[in-house]
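# Report on the structure
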Amino acid sequence: MAEQRVKEIGVRKMLGATVFNLWRLLSADFISLVMLSLLLATPIAFYLMYNWLQHFDYRTGISVDIYRYRFYCPCHHTA
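All values reported here derive from a predicted model rather than from experimental measurement.

What counts, and where the lines are drawn
- Residues numbered from 1 in each chain as written.
- Predicted model: local features only at pLDDT ≥ 70, side-chain atom pairs only at ≥ 80, totals over all residues.
- Heavy atoms only, no water.
- Patch = residues over 30% accessible without salt bridge, like charges linked within 9 Å, V, L, I, M, F, W, Y side chains within 5 Å.
- Areas by Shrake-Rupley, 256 points an atom, 1.4 Å probe, with all protein chains shown as cover.
- Salt bridge = Lys/Arg side-chain N within 4 Å of Asp/Glu carboxyl O.
- Helix = DSSP H or I, 4+ residues; strand = E, 2+ residues; numbered from the N terminus.
- Buried < 20%, exposed > 50% of the residue type's maximum accessible area, 1.4 Å probe, protein only.
- Phe/Tyr/Trp six-rings, centres within 6.5 Å; stacked < 30°, edge-to-face > 60°.

### So, a nonpolar patch on the surface
Taken together, the side chains of Leu33, Leu36 and Leu40 define a hydrophobic patch exposed on the protein surface, amounting to about 320 Å² of accessible area. Relative to the helices and strands, leucine 33 resides in helix H2 (residues 19–53). With a relative accessible area of 57%, leucine 33 lands in the exposed category.

Structure (structure tokens):
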């Protein structure tokens with residue numbers, strides 16, 4: 001698998017692919033898996049955190065900003 005990928009990258013470089021195009025090719029699968037995991041984990045995490053926080057005498061709310069930051073961080077660092 002790795003040897004085939006090395007040959008594919010070599011052919012693409014010979015045909016004029018830029019570093020950005022090669023980077024995008026290699027990281028597209030990873031980015032899509034990260035986004036899928038965030039979409040699945042966010043509602044579960046919100047539900048669990050909300051229920052856990054309800055057991056305390058002094059309650060605090062969960063801000064939506066926490067989840068915005070979770071989505072922004074991986075996108076910002078991988079793009």
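Read on for the rest.
### Thoughts on the packing of aromatic side chains
Under the counting rule described, the total for this entry stands at 3 aromatic pairs. Aromatic side chains phenylalanine 46 and tyrosine 50 sit 6.2 Å apart centroid to centroid with 20 degrees between the ring planes, which places their arrangement in the stacked category. In this pair, phenylalanine 46 and tyrosine 50 are both assigned in helix H2, 4 residues apart and thus about one turn of the helix distant. By relative accessible area, phenylalanine 46 is classed as partly exposed at 38%. Relative accessible area serves as the criterion here: at 41%, tyrosine 50 is assigned to the partly exposed category. Ring geometry for tryptophan 52 against phenylalanine 56: centres 5.2 Å apart, planes inclined by 90 degrees, an arrangement best described as edge-to-face. Residue tryptophan 52 is classed as partly exposed on the basis of its relative accessible area of 48%.

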